[in-house]
Amino acid sequence: MLIVDSDLRRPSIHKLLKVSNSIGLTNFLLKQNTLEEVIQTTPLATLDFLPSGKMPSSSMGVLSSSQMKELIRELKRRYDWVFFDSPPIMGVSDASILASEVDMVLQVIQYRRYPQPMTIRAKQMIEKVGGNLLGIVLNNINMASDENYYYYSGYYYDYYSKNEDEPEAKGKGDAAKPAAAEAKAEIKPKY
């Protein structure tokens, strides 16, 4: 498996993996280094990493180059799975270019950060360039402060507590019902 940091403006994966970003994707696309020189191993034996590299001023439009298309084909040949981390699709053409070249796209949306029409527009942009949208991932969800938290936690509590109480209820008759009602009463509404 390979992860490619193709967010050339704000690369961050190299920090998570604690590897160097001194050379990478831009160096390969500008024909400064070979693919073997820019792909790095990680502490995980099954994971390789291709950092973004430094963004020189001459690298504008580098992701739309024929070199990038050739790179994608070569990486597909070498690896079972290749994941590209791209910049946000809104306002940046690099992500649109990648969406049109890769097999599948996962759209990552910061929960409640952007209005719904913007999210729909991003989805439409992926589809417009011929991207195959596999699904959407929501990140930065704070379950404790979301107003639906208590609804869902209450639902799951009721669902699982009923399943757990069923064997006891059969043996004890109505004696188990007050205990379940007391436990249910412990869930307090947010407001």
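None of the values given here were measured: they were computed from a predicted structure. (Residues numbered from 1 in each chain as written. Predicted model: local features only at pLDDT ≥ 70, side-chain atom pairs only at ≥ 80, totals over all residues. Heavy atoms only, no water.)

Structural notes on the overall build of the protein chain
And then number 1: Secondary structure assignment for the protein chain yields eight helices and six strands.
And then number 2: Moving toward the C terminus, one meets the helices and strands of the protein chain in the order β-α-α-α-β-β-α-β-α-β-α-β-α-α.
And then number 3: With 191 residues in all, the protein chain has 32% of them scored as buried.
And then number 4: Partitioning the contacts of the protein chain with sequence separation of at least 6, the portion at a separation of at least 24 is 71%. (Helix = DSSP H or I, 4+ residues; strand = E, 2+ residues; numbered from the N terminus. Buried < 20%, exposed > 50% of the residue type's maximum accessible area, 1.4 Å probe, protein only. Contact = heavy atoms within 4.5 Å.)

Some points on the packing of aromatic side chains
And then number 1: Tallying each qualifying case throughout the model produces one aromatic pair.
And then number 2: Pairing Trp81 with Phe83 gives two aromatic rings, centres 6.3 Å apart and planes at 10°, and the pair type is stacked. (Phe/Tyr/Trp six-rings, centres within 6.5 Å; stacked < 30°, edge-to-face > 60°.)

Notes on the confidence of the model for the protein chain
And then number 1: Per-residue confidence for the protein chain averages 75 on the pLDDT scale, and 67% of its residues sit at or above 70.
And then number 2: Confidence scores differ between elements of the protein chain, with helix α8 (residues 176-185) showing the lowest mean pLDDT of 46 and strand β3 (residues 48-50) the highest of 95.
And then number 3: Low pLDDT, under 50, characterises residues 168-173; the stretch is placed with two contacts to residues that sit more than four places away or in other chains.
And then number 4: Within the model, the stretch residues 175-185 combines pLDDT values under 50 with six contacts to residues more than four positions away or in other chains. (pLDDT = per-residue confidence, 0-100.)

Comments concerning the pairing of strand β6 (residues 133-139)
And then number 1: Pairing geometry for strand β5 (residues 105-110) and β6, over six bridges, is parallel. Looking at β6, one finds that Val108 is bridged to Val137. (Pairing = 2+ DSSP bridges.)

Re the sheet that holds strand β1 (residues 2-5)
And then number 1: If you walk across this open sheet you meet the four strands as β2-β3-β1-β4, and the pairing is mixed. Since the sheet does not close on itself, it has two edges, and those belong to β2 (40-41) and β4 (82-85), each with one partner.
And then number 2: As paired strands, β1 and β4 are joined by four bridges and run parallel to one another. The partner of Leu2 across the bridge, within β4, is Val82.
And then number 3: Strand contacts of helix α4 (residues 66-78): β1, β3 and β4, with the helix running at about 145° to β4, the strand carrying the most contacts. (Axes fitted to C-alpha atoms, helices over the stretch in contact; angles between N-to-C directions.)

Concerning the environment of Ser100
And then number 1: Among the structural elements, Ser100 can be located in helix α5 (residues 93-101).
And then number 2: Taking C-alpha positions, Ser100 is 8.9 Å from Lys128, a pair spaced 28 residues apart along the chain.

Side note on unusual backbone geometry
Most of the time, phi is negative for any residue but glycine, and the peptide bond is trans.
And then number 1: A positive phi angle, close to 55°, is found at Lys18, a residue other than glycine.
And then number 2: Along the chain, Lys18 turns up in the loop between α1 (13-17) and α2 (25-29).
And then number 3: Taking the relative accessible area as the measure of exposure, Lys18 reaches 75% and is therefore exposed.
And then number 4: Phi angles above zero are rare outside glycine, and Lys31 is one such case at about 60°.

Examining the environment of Gln110
And then number 1: Summarising the element assignment, Gln110 is placed in strand β5.
And then number 2: For the pair formed by Gln110 and Val137, sequence separation is 27 residues and the distance between their alpha carbons is 8.5 Å.
And then number 3: Not counting residues up to four positions away in its chain, the partners in contact with Gln110 are Asn139 and Asn140.

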